[in-house]
Amino acid sequence: MKLDGNNHSVFLLCYHLVLVTKYRRKVIDDNISNRLKEIFEKIQGNYNITLYEWLHEGRDHVRISFRAHPNSEISKFINAYKSASSRLIKKEYPGIEEKLWKKHFWSKSYCLFTTGEAPMEIINDYIGTQGEPLPQ
């Protein structure tokens, strides 16, 4: 697995995020899911976040896997994303507000997991290559 890095460190910070619509209203179809993904990709760079995988399995939630840098402010990113995506979806799909609860798109809560520790082989590879330049 390729590690992320900057001038002074290497890291692999992976997260899994689940966002659910308010009261699990079933409003996310393929078109809306694709637009939600585009919005995510548009603002991710401002927070040193990179989309890894987007899953739209049900009409009431999305599951997002992403990578981040140690300086990423994850909670600020999530709040900014939820705010921007809610505003844009309601603007671009005006009929959706009738299906929402009091015009709220996302639930206030979210579920965020780290996706596990680095395997020992990655740690050993890092130790073994200490002092060598990072591959570009």
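Residues numbered from 1 in each chain as written. Predicted model: local features only at pLDDT ≥ 70, side-chain atom pairs only at ≥ 80, totals over all residues. Heavy atoms only, no water.

## So, the side chain of threonine 21
On the secondary structure map, threonine 21 appears in the loop between strand E3 (13-20) and helix H1 (30-43). Reaching out from threonine 21, the side chain makes a polar contact with the backbone oxygen of arginine 25 at a distance of 2.7 Å. Not counting residues up to four positions away in its chain, the partners in contact with threonine 21 are Val27, Ile28, Asp60, Phe105, Trp106 and Ser107. (Helix = DSSP H or I, 4+ residues; strand = E, 2+ residues; numbered from the N terminus. Polar contact = N/O pair within 3.5 Å; in protein donor to acceptor, adjacent residues only side chain to side chain. Contact = heavy atoms within 4.5 Å.)

## Re the pattern of salt bridges
The final tally for this structure, using the stated rule, is seven salt bridges. Of the charged contacts in the structure, one is a salt bridge between arginine 67 and aspartate 4, with a shortest N-O distance of 3.2 Å. One end of the pair, arginine 67, is in strand E5 (residues 61-68); the other, aspartate 4, is in strand E1 (residues 4-5), with 63 residues separating them in the sequence. Here arginine 67 matches aspartate 4 in class, with each residue buried. In this structure, the salt-bridge partner of lysine 26 is aspartate 60, at a minimum N-O distance of 3.5 Å. Of this pair, lysine 26 sits in the loop between E3 and H1 while aspartate 60 sits in the loop between strand E4 (49-58) and E5, and the two are 34 residues apart along the sequence. Overlapping salt bridges, with partners in common, bring together Arg24, Lys26 and Asp60 in one network. (Salt bridge = Lys/Arg side-chain N within 4 Å of Asp/Glu carboxyl O. Buried < 20%, exposed > 50% of the residue type's maximum accessible area, 1.4 Å probe, protein only.)

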